[in-house]
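Structural description and commentary
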Amino acid sequence: KKDENIRILANFFAENYGFKFQNLEKKIQNILKSTSFQNLKSQELRDGFIEARTGREFFKTGEEKQWIKKLNKKQILKLEEKFKSVMNRFNYKIS
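The rules behind the values
Residues numbered from 1 in each chain as written. Predicted model: local features only at pLDDT ≥ 70, side-chain atom pairs only at ≥ 80, totals over all residues. Heavy atoms only, no water. Helix = DSSP H or I, 4+ residues; strand = E, 2+ residues; numbered from the N terminus. Buried < 20%, exposed > 50% of the residue type's maximum accessible area, 1.4 Å probe, protein only. Contact = heavy atoms within 4.5 Å. Areas by Shrake-Rupley, 256 points an atom, 1.4 Å probe, with all protein chains shown as cover. Lys, Arg positive; Asp, Glu negative; His and termini not counted. Charge placed at Lys NZ, Arg CZ, Asp CG, Glu CD. Salt bridge = Lys/Arg side-chain N within 4 Å of Asp/Glu carboxyl O. Polar contact = N/O pair within 3.5 Å; in protein donor to acceptor, adjacent residues only side chain to side chain. Expected span 1.5 Å × (residues − 1). Patch = residues over 30% accessible without salt bridge, like charges linked within 9 Å, V, L, I, M, F, W, Y side chains within 5 Å.

1. So, the overall build of the protein
Across its full length, the protein holds six helices and zero strands. Mapped in sequence order, the helices and strands of the protein form the string α-α-α-α-α-α. A principal-axis box enclosing the C-alpha atoms of the protein has dimensions of 50 × 35 × 20 Å. Residue burial in the protein is summarised as follows: out of 95 residues, 11% are buried. Taking the intrachain contacts of the protein between residues at least 6 apart in sequence as the baseline, contacts between residues at least 24 apart amount to 14%. Working note: accessible area of the protein is about 8600 Å², and carbon and sulfur atoms make up 55% of it. Seen as two clouds, the 22 positive and the 12 negative side-chain charges of the protein have centres 4 Å apart.

Structure (structure tokens):
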């Protein structure tokens, strides 16, 4: 699925802006590897991560929907209400 999204983007830029991609499959594999959770977490541990709050990790566990375990029902409902249209667009399950 992720590699297909990258192909869609590459095709968009090729068709609309005349971009030519050499070795697209190799580039896709490099993108997937370099943006994997484990790679980003390793980079953070080694070099830090500017978006992280001081003394806290930005890339924590890499689990989907981990926020549901950390927030109470009222907090979840508030987030779902505020971001309902975005969550629907990306097929998130809403309570």
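2. Considering the side chain of Glu 44
With respect to the secondary-structure elements, Glu 44 resides in helix H3 (residues 37-47). Although Glu 44 is buried, it makes no salt bridge; Lys 41 carries the closest opposite charge, 5.1 Å away. Reaching out from Glu 44, the side chain makes a polar contact with the backbone nitrogen of Phe 58 at a distance of 2.6 Å. The contact partners of Glu 44, leaving out residues within four places of it in the chain, are Phe 49, Ala 52, Arg 56, Glu 57, Phe 58 and Phe 59.

3. Let's talk about helix H1 (residues 2-17)
With 16 residues, H1 extends 22 Å between its outermost C-alpha atoms, agreeing within 8% with the 22 Å of an ideal straight helix rising 1.5 Å per residue. Phi turns positive, to about 70 degrees, at Gly 18, one or two residues after H1.

4. Some words on the environment of Asn 16
Looking at the element boundaries, Asn 16 is found in helix H1. Of note is the side chain of Asn 16, whose polar atom sits 2.9 Å from the backbone oxygen of Phe 12.

5. Here's the deal with the environment of Asn 5
Note on placement: Asn 5 falls in helix H1. The sequence separation of Asn 5 and Phe 37 amounts to 32 residues, and the corresponding C-alpha distance is 17 Å.

6. Brief notes about a positive patch on the surface
A cluster of basic residues, Arg 53, Arg 56, Lys 60 and Lys 70, forms a positive patch on the protein surface. Secondary-structure assignment places Lys 70 in helix H4 (residues 66-70).

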